[in-house]
Every structure is written in C-alpha cells, then in structure tokens.
Amino acid sequence: MSSVSGINSLLSSATPATTTPSVNISSLLAAAAGATTPGIDVNAAVAAAIYADRATERAWQSQQATLTAQSTALTQMNGAATTLGTDMQALNSLSGPLSARSVTSSNPNDVTATAASGTAVGNHIIVVGNLAATASWYSDEVANPTSALPTESFTITTAAGPSATIALGSGVNTLSALATNINGLGLGVTATVVNDAIGSRLAIVSNSPGGAADFSVTSAPTTTTAWSSPSVPSSTASLSAGGFTLTTGGVPTSITITSGETLTQVAADVNGQGLGVTASVVSDPLGFHLAIASSNGTTPFTMSMPTFGFSQAAVGVNAALTVDGIPISSASNTVTGALPGVTLNLLNQTSGAQVNLVLGTDTRQISNAVQSFVTDYNSAIQLVNAQFSFTPASGGQGVLGGDSTVRDLQDSLLGAMSYTASNGPTSVTSLSDLGISVNHDGTLALDQTALANAVTNSASDVQSFFQGPSLNGFANTLNTQLDNLTNPTTGAFTVDLSSNKNSYQDIATHISDFESIYISRQQASLTAMYSAAEIALQQLPTKMAQIQAELGNSQGK
C-alpha cells in the first residue's frame, strides 16, 4: 500500500472525535468502592492511546530514515564517480598532464623557463645580452617630507610621449605634496617619499620596465635675483652628482657637482667664477640650503638645473637576448612569444654565455595523474562494495544493495578493467602495461616501478592508450559511462537523488496531515473524555454515601 493510500484509509476508518473510547470498568468500580487504586491519570491514558494511533506514523518515519541513509550513500558514490570522471577528463585533454612539459636549464641562476602543455620538445640556446631595466629617478635629500622646496618647475617626459610640467608652490611645496601631485598626472610613473637616517628623498619609478617606459626629469630655467636649493640635513652632507647652469649677462656658466661634495664646496665654486652673484650656505629650521643672490641685489640671473636636483638611478631599457641565434628585444625579463608555448625568465646577464634549455615530457605529472586515477577508482569501488557486503549491524546488505544505479556503476568500473587499446602498434595496450592490476575485491594495485618505466620509455604510448587516435581511448570510454551516472541534469544518480528527495517530502506531508487532521483531534477528544471520567470518579464516593443514606444504611453496618 502506498503511503498516500495508507493515510487515506487510516483517516477514513479513524474513530470520530465524538466516539467514546473503551474504559476499564473494573478500575472505575474499584475506585468507587474506595479502593486504594488511584483515579485515572489523564495524561498517561491519552499518551498511551495516541502512541498506539501513531503506529503508522512511526512506519513512515522509518521510511524517511531509510531514504536519508540511501541519499547519503548515493551522494557519496556520485561524488566519488564524479571525481573519477574528472580524472578521466584530465587524462583525455590535450592540455592535460599527459601533454605536460618540463624544462631543464643548464644555468638556472641565469635563465629558467616554463612550457605549456603540448609544446614541441627539443633543445634551445639562450644568450642574454642585458636584462630589461625599469627607469627611475630620485631627488636630492631634504630634511623631511614636509621640508619647504624652492619655487621651481620641472618637466617629466616619457619615452611614449606624454609629459607634464610641475610647478612648485601654491600647495605643491613639499615632497609629500609633490608625490601626490605626480601620481595624479597619469604618466605611468609612481612617486614615493623615501626616508632614511640622513633625510628624505623623492623616488620616481616607471610602472613598467623597458625602453618604451623610460622617462626623463628636466627643469625649466628660472630667472630671479635670489634662489635657494632644497634643504639638506647638514652643511657637510654629501651631495649626489649633478650640476646646474648660471646665466649672467647672457653668458651661461656650468657648475658641476661631483658626488660627495658639500654645499660649502659648491658655494665656493660658484663664488670663484666671478659671475656677479654671491653663493652661501644658509640654515633654517628645515636644514641647510645653497643660497645664490645677485651681488647688487637688482641684476637678475637665470638658474637652469637640467635635473632639478634629481639623479637618474636607472635607464629604462629592453632586455636584449638571442634565442637560437635570433636577436630578441623584450620590454620585460619575462619573455613570451620568442618560442611558441615557452615563457623565458631572465634572471641574470650571461655576458655572452650560452644557456641550454631542454624541453621534454613531464613524466612526474603523468605519473601523478595515473596515481590519482588509481586512488579515486579505489574510493569509488570500495563504496560500491560496501553496499553488497553483509554486515551484522544491518543483518543484510547496504541500503542500496538493490539499487540498479549502483549496479550500473559497479559494471562500468569493473568493465573498464578489461579495456584493450586497438589503435595500432604500441607498447601500452592495457592497464597492466602501466603496472595496474586488479585485486580480489575489485580495487586496483599500482606497481610504481612498472609505471615509471612505461612513462619514462614510452610516454607517447601512455598518452595514446588513454587518449586514442582521436580522444576516443580508455579515458573517454570510462568518462562517457560515468557521465551517464553523474551528469547533474540527466545522470542516474541525479535522478535517484531527486526521487528520494520527493519521496521524503511526500512522507513529511503525510505525517503533517495525519497530525493535524487526526492526531490533534483525537488527542483533544480523548483528553476531554478521560477528564470527564476522572471527575465522575472523584464524585462517586459522595454519591454512594447519598444512596446509602437514602436506603437507611449507616456506615459501618
């Protein structure tokens, strides 16, 4: 009988709420006669009656427990079969582990490489002339990021064309403000304030390596009667190499600053030129400056600083190398496209030394893929075996011992073990040629030595066994069978799980209806009747005394 027809039959034959249930008359008389037997325990009496009425409901709940156990087992097997199917898909992929490539470098300190699956095997000679470099500049030191900068302007010009002129002053008069301003210009460079024990400097670095990302820093000439350099922490602080041009009376004079010179030495050099200006070292709360002023206070001069106190740390250049004798230029030290499917990683300049790269089959990945197949196959077959094994706890097979989908999975797994390749002469035609054998319980055993020999000596034959001549080998055959079971839309496991879910929900609905339509009413009716009986029992002694009095019988006679 189905669960639906069962509840309908039970509800149609259930005792109506107005029907009087059977009562133990002997107990009532004993209570009326003053026996020591207590009256009716209404709650216990109702609970006992309701428990009996719920016999069918308990049967339904048992069915739900079985459905839950079946769903759990189905989910586990579906997961194991899906994982095994994923292994087969990887083994059947032209970009999977069977096509993986390894690259060996004769000098991994200078050049390494990686190769995409399916890349042609062979040897290649790499010679690195120079590495790609990222352009960078840094400013002279000032006392701290908030030190006031002189009123100047300079231009950042990129090799790609965009440029911008930055004028100091009007809010852009400290290194911190200057960094923020530069970073907002969209020039492909990043400005950062760098602090050390001596002071603060502004570093400007290109966002990309290579010659196309190179840039320069130049300043516009300033005509004035008084000029002051950025501050440095000490009058004896060593300056970076650089220089500037003083133009007085229309005649330019170049002042060269040698690395390590001090402000005092630069001031002496300027004063020794006889240019009609006076140079001195002045200090303020921010540090020390080189101050240059017109000697008469009125004659202007022009200050030109080609790098505005900036020094070039690195020139942006492309990497230069040869690949099998062909000159290659790359903006990055990660070189792609020079060899199809190969990515070169340039680590050090080889100064003409050759680096030999050997591209071969990645036997490690092949072995790992086969090992994963064996491991996941065993997980699946062990779950299947558990359903057909007798257990004392259950007194029989597993909850899915009679499920056809489990039988189908078992047939697919065991049937795959007899697969034989038929794609021409090859050293690998069966799983046994890979060192894979079948144990008595259907699980697989893997001989690692035999697998290593097959992979090392016949990698192409291993690939041919799994993939066949047109991706129709062992891997595709087993994956197709597994997909019939695990497909998330049409797979047999999917259908079984959906059916179990629907059945469970149907029973839950029956239980809910049974409780609301029958049990709740029966419980109310029984409670009312037993309560009335209990009240009547409590009143019997009084009524018996009244009857005795009317009959003229006194107590004790």
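Here the residue numbers are simple positions, counted from 1 along each chain's written sequence. With the structure being a predicted model, the display of local features is reserved for residues of pLDDT at least 70 and the display and counting of side-chain atom pairs for 80 or more, all residues being used for whole-chain, interface and lining totals. With hydrogens and water excluded, all non-hydrogen atoms of the structure serve as input to the side-chain values.

Asks: Looking at this structure, I do not really get a nonpolar patch on the surface. What am I missing?
Replies: Exposure above 30% relative accessible area and the lack of any salt bridge qualify a residue for a patch; like charges then connect within 9 Å, and the nonpolar side chains Val, Leu, Ile, Met, Phe, Trp and Tyr within 5 Å. Here the open area of atoms and residues is found with the Shrake-Rupley method and a 1.4 Å probe, where only the protein chains shown may cover a residue. Criterion for a salt bridge: a side-chain nitrogen of Lys or Arg within 4 Å of a carboxyl oxygen of Asp or Glu. A surface patch of nonpolar side chains, about 290 Å² in accessible area, is lined by M544, I547 and L551. Here a strand is any run of E in DSSP of at least two residues, a helix any run of H or I of at least four, and the numbering for each starts at the N terminus. With respect to the secondary-structure elements, M544 resides in helix α12 (residues 492–550).

Asks: Mind showing me how you'd approach the sheet that holds strand β22 (residues 355–361) here?
Replies: Strand pairs in the sheet, formed through backbone hydrogen bonds, run parallel or antiparallel to each other. The antiparallel open sheet is built from five strands, whose spatial order is β1-β22-β3-β18-β19. Each edge of the open sheet carries a strand with a single partner, namely β1 (101–105) and β19 (326–330). Within this sheet the neighbouring strands show an average axis-to-axis angle of 30 degrees, counted without direction. One bridge is not enough; two strands pair if DSSP finds at least two bridges between them. Pairing between strand β3 (residues 122–130) and β22: five bridges, direction antiparallel. Bridge pairing links G122 to L359 in β22. Think of each axis as a best-fit line through the C-alpha atoms, taken over the contacting stretch in the case of a helix, with angles from 0 to 180 degrees between the N-to-C directions.

Asks: Any chance you could explain the packing of helix α3 (residues 42–53) against α12 here in plain terms?
Replies: Relative orientation and spacing of two packed helices are given, respectively, by the angle between their axes and the distance between those axes. As a packed pair, α3 and α12 sit with axes 9 Å apart at the nearest point and diverge in direction by 150 degrees. In terms of crossing hand, the pair formed by α3 and α12 is right-handed. Contacts between α3 and α12 involve V42, A45, V46, A49, I50 and D53 from the first element and F514, Y518, I519, Q522, Q523, L526, T527, Y530, S531 and E534 from the second. Left-handed is the label given to a crossing in which the near helix is rotated counterclockwise from the far helix by less than a right angle, and right-handed is the label when the rotation is clockwise. Only heavy atoms enter the contact rule, under which two residues are in contact if any of them lie within 4.5 Å.

Asks: Help me out: how do you make sense of the sheet that holds strand β10 (residues 222–224) in this one?
Replies: Judged by pairing direction, the sheet is antiparallel, and its four strands sit side by side in the order β10-β16-β12-β13 without closing on themselves. Either end of the sheet is taken by a strand with one partner, and the two such strands are β10 and β13 (251–257). Put simply, the sheet's adjacent strands are angled 25 degrees from each other on average, direction ignored. Bridging between β10 and strand β16 (residues 301–304) involves three bridges; their strand directions are antiparallel. Counted as the bridge partner of T224 is F301 from β16.

Asks: Explain the confidence of the model for the protein chain here, please?
Replies: Should pLDDT be low for a region, the predicted coordinates there are not to be read in detail. Taken as a whole, the protein chain shows an average pLDDT of 87; of its residues, 90% reach a score of 70 or greater. In the model, residues 28–37 has pLDDT below 50 throughout and makes eight contacts with residues more than four positions away in sequence or in other chains. How sure the predictor is of each residue is captured by pLDDT, a score from 0 to 100.

Asks: How do you make sense of the packing of aromatic side chains when you look at a structure like this?
Replies: To describe a pair of aromatic rings, you give the distance between the ring centres and the angle between the ring planes. Two rings from Phe, Tyr or Trp (for Trp, the six-membered ring) form a pair when their centres are within 6.5 Å of each other. A pair whose planes differ by under 30 degrees is stacked, one over 60 is edge-to-face, and the rest are tilted. The final tally for this structure, using the stated rule, is eleven aromatic pairs. Taken together, a centroid distance of 5.8 Å and an interplanar angle of 75 degrees make the contact between Y419 and F465 edge-to-face. With Y419 in the loop between α8 (404–416) and β23 (436–438) and F465 in helix α10 (residues 459–467), the pair connects residues that are 46 residues apart, well separated along the chain. The burial state of Y419 is the same as that of F465; both residues are buried. Put simply, the rings of F373, Y377, Y419, F465, F466 and F474 touch in pairs and so form one group of aromatic residues. Charge-over-ring contacts are defined here by two conditions on Lys NZ or Arg CZ: a distance within 6 Å of the ring centre and an angle within 35 degrees of the ring normal. Between the NZ or CZ atom of R58 and the centre of the ring of Y51, over which it lies, the distance is 3.6 Å. Over the ring of F388 we find R407, and its NZ or CZ is 3.9 Å from the ring centre. Accessibility here uses a 1.4 Å probe with only protein chains present; expressed as a share of the type maximum, an area under 20% marks a residue as buried, one over 50% as exposed, and anything in between as partly exposed.

Asks: Can you walk me through the pairing of strand β4 (residues 136–139) in this structure?
Replies: Two elements, β4 and strand β8 (residues 200–206), share three bridges in a ladder whose sense is antiparallel. Bridge pairing in β8 places S136 opposite V205. Relative to strand β17 (residues 310–314), β4 runs antiparallel, the two being bridged by four bridges. Note that in β17 the partner of S136 across the bridge is A314.

Asks: Explain the side chain of T253 to me, please; I cannot follow it from the model alone.
Replies: Take T253: it is sitting in strand β13. Excluding residues that lie within four positions of it along the chain, T253 makes contacts with F244, T245, L246, Q273 and L275.

Asks: Where do I start with the pairing of strand β7 (residues 189–195) in this structure?
Replies: Sheet faces and side chains relate simply in a regular strand, where the side chains alternate between the two faces. Here β7 pairs with β8 via seven bridges, running antiparallel. The residue of β8 that forms the bridge with T192 is A203.

Asks: What should I look at first to understand the pattern of salt bridges in this one?
Replies: Here the idea is simple: oppositely charged side chains can pair when their charged atoms come close. Overall, the coordinates contain five salt bridges when judged by the stated rule. As a salt-bridge pair, R201 and E141 come within 3.7 Å of each other at their nearest N and O atoms. One end of the pair, R201, is in strand β8; the other, E141, is in the loop between β4 and β5 (153–158), and 60 residues separate them in sequence. We classify R201 as partly exposed; its relative accessible area is 25%. Between R364 and D362 there is a salt bridge whose closest N-O contact spans 3.8 Å. Members of the salt-bridge network, linked through shared partners, are R54, E57 and E515.

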